Amino acid sequence: VKHINSSKTHRELLRMYGEMTLNRVVDSNTFVRVCRKFKFFTLDLGPSVKRQDNSAAEVFDLLNTEWGKIEDYVHELLVVLEGAAVGKRLEQDVNTLKKMLTDRIEPEQAWVCYRKVVAECTSAVKNRTPSVQEPPPTKPAKGKAAKAKDS
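Residues numbered from 1 in each chain as written. Predicted model: local features only at pLDDT ≥ 70, side-chain atom pairs only at ≥ 80, totals over all residues. Heavy atoms only, no water.

J.: Hey, could you run me through the overall build of the chain in this one?
T.: Scanning the chain from N- to C-terminus turns up six helices and zero strands. When the helices and strands of the chain are placed in sequence order, the string is α-α-α-α-α-α. A burial count over the chain gives 21% of its 151 residues as buried. The contacts of the chain with a sequence gap of at least 6 include a subset with a gap of at least 24, amounting to 58%. For the chain, the accessible surface area stands at approximately 12600 Å², while carbon and sulfur atoms represent 55% of it. (Helix = DSSP H or I, 4+ residues; strand = E, 2+ residues; numbered from the N terminus. Buried < 20%, exposed > 50% of the residue type's maximum accessible area, 1.4 Å probe, protein only. Contact = heavy atoms within 4.5 Å. Areas by Shrake-Rupley, 256 points an atom, 1.4 Å probe, with all protein chains shown as cover.)

As structure tokens, then:
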């Protein structure tokens, strides 16, 4: 009920529930009839645009800022990974993230998608970078070569 943003009290909700339980089957028609009877919600006329709360706007502002910092690096990595399965998956996730940032819908899902892109980039860089190995330490020469150095 919290998701509907109704101003009804708990008592009024219980009355609605009681009204619905009087019916043998609660189908969509019964539900709508009871909601109208108790004036449970009102419909807003106008364009069907999802309202955005302030916290969602803050999340998208933060995501846009962070994405702006790494976007060029991600695109360079996509060029390097072109044709690989990892590259295709990363490109799909980048396109999904860009669409979410443009549409500014579902901030939680956009954040998860951003984290997934960052994790895949990190993983790809770690797996593609050759490991730096130190050369083995040199041992002092033994035998004839050591005697030649001493003389």
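J.: I tried to follow helix H1 (residues 10-21) on my own but got confused; where do I start?
T.: Given 3.6 residues per helical turn, the α-helix brings residues three or four places apart onto the same face. Taking 1.5 Å per residue as the helical rise, H1 with its 12 residues ought to reach 16 Å, and the 16 Å between its terminal C-alpha atoms agrees with that figure. Inspection of H1 places Met16, Glu19 and Met20 among the buried residues, and these make up the whole buried set. The buried residues of H1 occupy an angular sector of 100° when projected down its axis, which confines them to one face. Turned more than 90 degrees away from the buried face of H1 sit His10, Arg11 and Tyr17, all of them exposed. Looking at the packing, one finds that the buried side of H1 touches helix H2 (28-37). (Expected span 1.5 Å × (residues − 1). Arc of directions from axis to C-beta.)

J.: Can you walk me through the nonpolar core in this structure?
T.: Soluble globular proteins tend to pack their nonpolar side chains together in the buried interior. Counting 18 residues, the largest nonpolar core has Trp67, Val74, Leu90, Val94, Leu97 and Val117 as the members making the most contacts within it. At the level of elements, helix H3 (54-80), helix H4 (85-103) and helix H5 (107-128) are the ones that each hand at least two residues to this core. Residues contacting valine 74, with those up to four places away along its chain left out, are Trp67, Val94, Val117 and Cys121. Counting residues in each nonpolar core, the second largest holds five residues, with Met16, Val34, Cys35 and Phe40 among its members. (Core = buried A, V, L, I, M, F, W, Y, C linked by side-chain atoms within 4.5 Å.)

J.: Sorry, what's going on with the environment of threonine 102 here?
T.: Position of threonine 102 among the secondary structure elements: in helix H4. Judged by relative accessible area, threonine 102 falls into the exposed class, the value being 64%.

J.: Is there a simple way to explain the pattern of salt bridges in this structure?
T.: Where charged atoms of side chains with opposite charge meet at close range, the side chains can pair. One pass over the full model with this rule turns up eight salt bridges. Note that glutamate 19 and lysine 37 form a salt bridge whose closest N and O atoms lie 3.3 Å from each other. Taken together, the residues span a long stretch of sequence, with glutamate 19 in helix H1 and lysine 37 in helix H2 at a distance of 18 residues. For lysine 37, a relative accessible area of 52% corresponds to the exposed category. Note that arginine 104 is salt-bridged to aspartate 61, the shortest N-O span being 3.3 Å. Residue arginine 104 is found in the loop between H4 and H5, and its partner aspartate 61 is found in helix H3; the two are separated by 43 residues along the sequence. Where salt bridges share partners, they join Glu19, Arg33 and Lys37 into one cluster. (Salt bridge = Lys/Arg side-chain N within 4 Å of Asp/Glu carboxyl O.)

J.: For this particular structure, what's the right way to read unusual backbone geometry?
T.: A negative phi angle characterises most non-glycine residues, just as the trans form characterises most peptide bonds. A positive phi angle, near 55°, is found at arginine 104, a position not held by glycine. Given a relative accessible area of 27%, arginine 104 falls into the partly exposed group. Look at glutamate 106: it is not a glycine, yet its phi comes out positive at around 50°. Turning to its location among the elements, glutamate 106 is positioned in the loop between H4 and H5.

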